[in-house]
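# Commentary on secondary and tertiary structure
Spelled out from the first residue to the last, the chains are:
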Amino acid sequence: MRIISLLLLVIAILFKTSILNHPLISNNLIRYFFAFSLGLFVYAYLKPHVDLFFANKQALTTEFIEKTIPELTNKNVYLYSADMPFKPNAFAIKKKKPSIFIDRSLINQLSTNELRFVLLHEYSHLKDNDSLKMHLASLSAFALVPFAFFIIIPIIKLPSDALPLTMVIILLVSIYFLGLMLNFKYKRNIELKCDRCASNYVDDSDIKSVFQKLIDLNIFNHKKRSALSSHPSLDERLDNLNISIEDADL
């Protein structure tokens, strides 16, 4: 992935600086190709090192792992605690070795089973390489769809009359926003998949309580979400796990 992202970025820069050129490649095409390749480069080279911004990073002990998440004892994954900026969180990234990071305050405030649910949710992301899938989905929605438009538009003959032209523009914009909405829906489905995976190892009562604590810590919204939200609402997450909303008391 790193070699591919670097190669694409170099090609984009060569086109952007006019060292390379082709009559069928317009400036708009170059602009969107550069945006895509730069985004892929950032993901491949910079995102794995985001933990450099965390304070007091420490590897979780074998004793802690065996007690809290014995399911990961023999897995090829590192687990760390750290003081994260902005707000407590937990997430997974691919470094030389797959790693899971969790804010130290979560370790102090969540019970053993609640921590198991959170960490196994993140492990599901690692196991299925979700980070790469979601990043490519976002890049495709934000950069490749306009890129495709600029390839297609010169080929087709746009109407010259104002009304038909306006309708075509509205159609293209609608397709673009539909792509964005499908991108975020895909991300929400991945989060629901990870919830289902983690729920196999804890009771419903622990899932209810961990969501309550995450809401109290303002890690995610209570029940509302927009069509452009990357995470499901509480209702969707509980319904996905067949947990009664009425009984959740959240």
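Residues numbered from 1 in each chain as written. Predicted model: local features only at pLDDT ≥ 70, side-chain atom pairs only at ≥ 80, totals over all residues. Heavy atoms only, no water.

Per an unreviewed UniProt entry, the protein goes by Peptidase M48 family protein and derives from Staphylococcus microti.

Another point: the overall build of the protein. A count of helical and extended segments in the protein gives 10 helices and 4 strands. Taken over the C-alpha atoms alone, the protein extends approximately 65 × 45 × 30 Å along its principal axes. Counting across all 250 residues of the protein, residues that qualify as buried make up 40%. Put simply, of all contacts in the protein between residues at least 6 apart along the chain, 66% involve residues at least 24 apart. Averaging the coordinates of the 28 positive side-chain charges in the protein and doing the same for the 23 negative ones gives two points 11 Å apart. (Helix = DSSP H or I, 4+ residues; strand = E, 2+ residues; numbered from the N terminus. Buried < 20%, exposed > 50% of the residue type's maximum accessible area, 1.4 Å probe, protein only. Contact = heavy atoms within 4.5 Å. Lys, Arg positive; Asp, Glu negative; His and termini not counted. Charge placed at Lys NZ, Arg CZ, Asp CG, Glu CD.)

Positive phi, close to 65°, is recorded for Ser18, a residue that is not glycine. The phi dihedral of Asn242 is positive, around 60°, even though this residue is not glycine. Checked against the element boundaries, Asn242 lands in the loop between helix 9 (234–240) and helix 10 (245–248). Its relative accessible area of 71% is what places Asn242 among the exposed residues.

Evaluation of the coordinates by the stated rule reveals 7 aromatic pairs. Ring centres of Phe91 and Phe101 lie 5.8 Å apart, and the angle between their planes is 20°; on these two criteria the pair is classed as stacked. Remark: Phe101 occurs in strand 4 (residues 98–103) and Phe91 occurs in strand 3 (residues 90–94); sequence separation between them is 10 residues. Arranged with centres 5.8 Å apart and planes meeting at 70°, the rings of Tyr176 and Phe177 form a pair that is edge-to-face. Connected via pairs of aromatic rings, a cluster forms that spans Phe54, Tyr78, Tyr80, Phe91 and Phe101. (Phe/Tyr/Trp six-rings, centres within 6.5 Å; stacked < 30°, edge-to-face > 60°.)

A few words on the pairing of strand 3. Within strand 3, 4 of the 5 residues are buried, leaving the element largely enclosed by the surrounding structure. Where strand 3 and strand 4 come together, 5 bridges link them in antiparallel fashion. Among the inter-strand pairings, Ala90 is bridged to a residue of strand 4, identified as Ile102. Hairpin remark: strand 3 followed by strand 4, antiparallel, with 3 residues in the connecting loop. (Pairing = 2+ DSSP bridges.)

What follows concerns the sheet that holds strand 2 (residues 78–83). Strand order across the open sheet formed by 4 strands is 1-2-4-3, with mixed pairing between neighbours. At either margin of the open sheet sits one strand with a lone partner, and together these are strand 1 (55–59) and strand 3. Sheet twist, expressed as the mean angle between neighbouring strand axes with direction ignored, is 25°. Inspection of the sheet shows strand 2 paired to strand 4 by 5 bridges, in the parallel sense. For Tyr80, the partnering residue across the bridge sits in strand 4 and is Phe101. (Axes fitted to C-alpha atoms, helices over the stretch in contact; angles between N-to-C directions.)

Once that is clear, we can look at the nonpolar core. Counting residues in each nonpolar core, the largest one holds 33 residues, and the members touching the most others are Leu79, Ile100, Ile102, Phe117 and Phe211. Only strand 3, strand 4, helix 4 (104–109), helix 5 (112–127), helix 8 (204–216) and helix 9 provide two or more residues apiece to this core. Among the elements that line this core, the one with the most residues is helix 5, at 7 residues. What Ile102 contacts, discounting residues up to four positions off in sequence, is Tyr80, Ser81, Ala82, Met84, Asn89, Ala90, Ile107, Leu115, Val118 and Leu119. The next biggest cluster of nonpolar side chains, apart from the first, holds 7 residues, and it includes Tyr80, Met84, Phe91 and Phe101. (Core = buried A, V, L, I, M, F, W, Y, C linked by side-chain atoms within 4.5 Å.)

Moving on, we come to the pairing of strand 2. Pairing of strand 1 with strand 2 involves 3 bridges; the strand directions are antiparallel. Bridge assignment links Ala59 to a residue of strand 2, and that residue is Tyr80.

Here we take up the UniProt feature "transmembrane region" (unreviewed entry) in the protein. Mapped onto the present numbering, the UniProt feature "transmembrane region" (unreviewed entry) falls on residues 29–46, 136–156 and 162–184. For residues 29–46, the helix share is 100%, the strand share is 0%, and the end-to-end C-alpha distance is 25 Å. Counted over residues 162–184, helix gives 100% and strand 0%. Its end C-alpha atoms are 33 Å apart. (UniProt positions renumbered as here; feature names shortened; annotations may be inferred.)

Another point: the pattern of salt bridges. Considering all chains together, one arrives at 7 salt bridges under this definition. Between Lys213 and Glu114 there is a salt bridge, with its nearest N and O atoms 2.9 Å apart. With Lys213 in helix 8 and Glu114 in helix 5, this residue pair connects regions lying 99 residues apart in the sequence. A salt bridge links Lys193 to Asp130; the shortest N-O distance between them is 2.5 Å. With Lys193 in helix 7 (residues 162–199) and Asp130 in helix 6 (residues 130–155), the pair connects residues that are 63 residues apart, well separated along the chain. (Salt bridge = Lys/Arg side-chain N within 4 Å of Asp/Glu carboxyl O.)

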